[in-house]
Amino acid sequence: MAEPSESARGASSTEDDDAPVLVDTALLIIQGEGGDAAVEAECERARAFAAEHGIALHEVAARTFFDSEPPEDAPRHWIVIGEDRVLMRAMDAAEGREVGLGLLPAGKLTRTRGFYDLPADGDARLALAFRAPELALDVLRCNGELVLGQAAVGDVPFLDRRGQALVHVQERLWQRWAMAASLFWTACRRLFVITPSVIRMHLGREEKPRRTAITGIVLLENDVDSAAGRMLGEALSARDGRVTALVLAPTSVVRYLGFLLRAAVGRSGPPLPRALSYVRTEGLVIESDVELDYRVDGMRHRASRIEVTVNPQALRMNVGARFDGMAGIDENGKDTLKLGDLPENESRLALIRKRLPLFTHALEEDFKDLFLLLKDSARIGPDYLTLSVLSALIGTLGLLLDSAAVIIGAMVLAPLMAPIICLSMAALRRDFGLLRQSATAIGVGVGLSLAVSALVALLVPMRMLTPEIAARLAPSLIDLGVAVFSGVAGAYAYARESIMKSLPGVAIAVALVPPLAVAGIGVGWWDGGIVLGAGLLFLTNLVGIALAGAATFMVLGYGPVKRTTHGLLYPAAAAVLVAIPLALSYARMHFVWQAERQLAHSVYRIDGRTLELARPMVSVDGGLVRIRADVYVDGAATDADFAALRDRIARELDREVELDITVRARYR
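As the structure is a prediction and not an experimental result, all values here were calculated from the model.

*Asks:* Would you mind showing me how to read a nonpolar patch on the surface here?
*Replies:* Taken together, Leu477, Ile478, Val482, Tyr586 and Met589 make up a surface patch of nonpolar side chains, about 400 Å² in accessible area. Going through the elements one at a time, α18 (477–495) and α23 (569–599) are the ones with two or more residues in the nonpolar patch. Per-element accounting of the nonpolar patch gives the leading share, 3 residues, to α18. Along the polypeptide, Met589 turns up in helix α23. Among the residues examined, Met589 registers a relative accessible area of 38% and is labelled partly exposed.

*Asks:* Would you mind going over the packing of helix α15 (residues 417–429) against α18 with me for this structure?
*Replies:* Two quantities define a packed helix pair, namely the angle between the helix axes and the distance between the axes. At a minimum axis separation of 10 Å, α15 and α18 run at an interaxial angle of 85°. Put simply, α15 runs roughly perpendicular to α18. Contacts between α15 and α18 pair Met417, Ala418 and Ile421 from the former with Ser486, Gly487, Gly490, Ala491 and Tyr494 from the latter. When its residues are assigned to classes, the contact of α15 with α18 shows 5 nonpolar, 3 polar and no charged.

*Asks:* Please explain the packing of aromatic side chains as it appears in this structure.
*Replies:* Geometrically, a pair of aromatic rings is defined through the distance of the ring centres and the angle of the planes. Evaluation of the coordinates by the stated rule reveals 5 aromatic pairs. Each ring, one from Phe49 and one from Phe130, has its centre 5.2 Å from the other, and the planes form 25°; the classification is stacked. On the criterion of sequence distance, the pair formed by Phe49 in helix α2 (residues 37–52) and Phe130 in the loop between α6 (122–129) and β5 (135–142) is long-range, its members being 81 residues apart. For Phe49, a relative accessible area of 10% gives the class buried. Through pairs of rings, three or more aromatic residues link up here, namely Phe65, Phe66 and Trp78.

*Asks:* Please clarify how the packing of helix α16 (residues 432–459) against helix α20 (residues 513–525) should be interpreted in this entry.
*Replies:* At a minimum axis separation of 7 Å, α16 and α20 run at an interaxial angle of 50°. By the angle class used here, α16 and α20 are oblique. Here the hand of the crossing between α16 and α20 comes out right-handed. Contacts between α16 and α20 involve Val446, Ser449, Leu450, Ser453, Ala454, Ala457 and Leu458 on the former and, on the latter, Leu516, Ala517, Ala519, Gly520, Ile521, Val523, Gly524 and Trp525.

*Asks:* Honestly, the pattern of salt bridges in this entry has me stumped. Any pointers?
*Replies:* Side chains bearing opposite charge may pair, as long as their charged atoms lie close to each other. Considering all chains together, one arrives at 30 salt bridges under this definition. Among the ionic pairs, Glu44 bridges to Arg47, the shortest N-O distance being 2.6 Å. Taken together, the residues span about one helical turn, with Glu44 and Arg47 both in helix α2 at a distance of 3 residues. By relative accessible area, which is 47% here, Glu44 ends up partly exposed. On the basis of relative accessibility, which here comes to 25%, the residue Arg47 falls in the partly exposed class. Between Asp240 and Arg280 there is a salt bridge; the shortest N-O distance is 2.9 Å. Linking Asp240 in the loop between α9 (227–232) and β11 (243–248) with Arg280 in strand β12 (residues 276–281), this pair joins segments that are 40 residues apart in sequence. Here the salt bridges do not stand alone but share partners, grouping Arg200, Glu287, Asp289, Arg305 and Glu307 into one network.

*Asks:* Is there a simple way to think about the environment of Met617 in this case?
*Replies:* If you trace the backbone, Met617 turns up in strand β17 (residues 609–621). Separated by 25 residues in the primary sequence, Met617 and Val592 place their C-alpha atoms 8.5 Å from one another. Apart from residues lying up to four places away in sequence, Met617 is in contact with Glu596, Arg626, Ile627 and Arg628.

*Asks:* Would you mind showing me how to read α6 here?
*Replies:* Along an α-helix, residues three or four positions apart point the same way, because every turn accommodates 3.6 residues. All buried positions along α6 are accounted for by Gly122, Arg125, Leu126, Leu128 and Ala129. Seen from one end, α6 has its buried residues packed into an arc of 160°, which puts them on one side. In this structure, the buried side of α6 is in contact with α2, β3 (77–82), β4 (100–105) and α5 (112–115).

*Asks:* Would you mind showing me how to read the nonpolar core here?
*Replies:* Soluble globular proteins tend to pack their nonpolar side chains together in the buried interior. Among the nonpolar cores identified, the biggest contains 36 residues, and Phe553 and Tyr558 are the most heavily contacted of them. In terms of residue count, α15 provides more of this core than any other element does, 9 residues in total. Not counting chain neighbours up to four residues away, the residues in contact with Phe553 comprise Leu370, Ile421, Ser424, Met425, Leu428, Ala491, Ala495 and Tyr558. Formed by 33 residues, the second largest nonpolar core is a distinct cluster that contains Val60, Ala62, Val139 and Ala238.

*Asks:* Help me understand unusual backbone geometry, please; the structure alone is not making it clear to me.
*Replies:* Leaving glycine aside, a negative phi is the common case for residues, and trans is the common case for peptide bonds. Cis geometry is adopted by the peptide bond preceding Pro133, which originates at Ala132 and carries an omega value of -5°. Tracing the backbone through its elements, the reader meets Pro133 in the loop between α6 and β5. Residue Arg615 is not a glycine yet carries a positive backbone phi of 50°. Residue placement: Arg615 occurs in strand β17. Arg615 gets classed as exposed once you look at its relative accessible area, which sits at 52%. In this model, Asp654 sits at a positive phi of 60°, which is unusual for a non-glycine residue. Among the structural elements, Asp654 can be located in the loop between α24 (639–653) and β19 (656–665). On the accessibility criterion, Asp654 (66% relative accessible area) is exposed.

Scoring rules and cut-offs
- Residues numbered from 1 in each chain as written.
- Predicted model: local features only at pLDDT ≥ 70, side-chain atom pairs only at ≥ 80, totals over all residues.
- Heavy atoms only, no water.
- Patch = residues over 30% accessible without salt bridge, like charges linked within 9 Å, V, L, I, M, F, W, Y side chains within 5 Å.
- Areas by Shrake-Rupley, 256 points an atom, 1.4 Å probe, with all protein chains shown as cover.
- Salt bridge = Lys/Arg side-chain N within 4 Å of Asp/Glu carboxyl O.
- Helix = DSSP H or I, 4+ residues; strand = E, 2+ residues; numbered from the N terminus.
- Buried < 20%, exposed > 50% of the residue type's maximum accessible area, 1.4 Å probe, protein only.
- Axes fitted to C-alpha atoms, helices over the stretch in contact; angles between N-to-C directions.
- Parallel < 35°, antiparallel > 145°, perpendicular 65-115°, else oblique.
- Contact = heavy atoms within 4.5 Å.
- Nonpolar A, V, L, I, M, F, W, Y, C, P; charged D, E, K, R; others polar.
- Phe/Tyr/Trp six-rings, centres within 6.5 Å; stacked < 30°, edge-to-face > 60°.
- Left-handed = near helix turned anticlockwise from the far one by under 90°.
- Arc of directions from axis to C-beta.
- Core = buried A, V, L, I, M, F, W, Y, C linked by side-chain atoms within 4.5 Å.

These figures come from the coordinates and say nothing about function on their own.
Here's what the structure looks like:
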């Protein structure tokens, strides 16, 4: 390595202890034989800097120097001026030698400055190029070709330099967003024609290759500021003797779309999208039965075998401050393999090798575990019967006492959610044995709840329509919405064992027991209106949960879309039938809300008197609208005035109106 110059030694002993230590002699390697103004200007600056600091400078043309073996007495520090291709040739020649490199990019094709964090200021860049000692860096090669920033195999939208370049060249922010949206739309148009490539991937010291299917791989070296580096959210090192790779291996269109959304908005940091896996290893080999497209720093190649090698700390270079804190080689370190979502199962590969499915399909072991759980949940045993009776008892008493807290306790105890979710899977898969088991369990639970609630209603000597009972007599489309989302949550919780603890919250949200208990109270009181209203609410919950649960299981991959679509027809048809009375109820509820809003604080002038409505309460009974309200009157009003008020409101609402008013006098 070149010794520091005398002038540099003197400078280092002065008051400025932070002055850089410079080499005393250097070889100046210049691109071409002249004619490039940028190269000539950089050469003049380098010569002036060397003369100013007493550095002996030996000059040579790049072509002459690289076409022959460097002489033994050549300076051990090289200053290279030119475009990326010249700088890369210098790195090739310097790899493994006891020489140091200072880079002075010049010309049109120069991305090296960004890769190696070289200063934008020309004087600072010169001082860095002549500095000693240099930093030892890894050399990453892809099929023998030097990788400056990154290499990409296959298609990795937004993560490779091509897409980023198109976005960053736009001058204005809105133009960059428009370009990103255009790239996203282009990628989305290909969603249903993506064909993953089946490969064999040898990782580091692993003896057995991993067989998987990918759409792309990004290999990172110095391009840590790229979208791929930011998405990884970890400190990357160009000095640790390892290559970092992001493997894009989606198992469905939905997962690929999730990756695209994350990459398009530029969100960084963990956790990674489920379509991405992460590898940090000493080297890897990618093999395929067909040729794969791959790019090294944007240059396109094709090969059926792609070998990625790392030569640890084989290149000594002067680079920016970003490299100073990078981790070095850990002799006892292990490879980092985050491959939990990498498709390696042969059944999985068979599903995705021709075309990505819309949803990720569950594997056989996933089916087995979930089916066992659902069958066990839908079994009629002592626990199921006991909880059915207790939840009905508690729910009925809570309704009669008008106690929301007691009713919530009954919701948590109710075991009906499990067989309904089981019914969803049975309908989706058209498993008639599971369908009979779940339907029987639901029937037994409903029958017990109705019987217990009716018995309690007969025994309790109180027949009062509490607000909690009345609230469950007029279901609408909103209740169907609650049931649908509860079904989604319930099915998802059963499919993901780690969140099974959320099931009590789902049970509270959907409230299966209270409408059953209200229907039982209606049976005990022999009131058909109560039975019909509460029965419709329970049926709404049952159908909504079954339909949404089946659709959720389909999305989670527990059945191919073409086959399971037929299984959704029956719960979907039932949901349509239930939605008809719910829509009518919703329309009635909307009319009541609008009428109360319209009538609140309405002021009418009748026969010279002012009548103002306050606190109106509207109800609908067939075609008759009943209105209870306070009426403030200035002075005395007659029955004829109130009849005229009724007729005026009837014309406004376009309905027959019955008024139940309380007259209040106002004195000013």
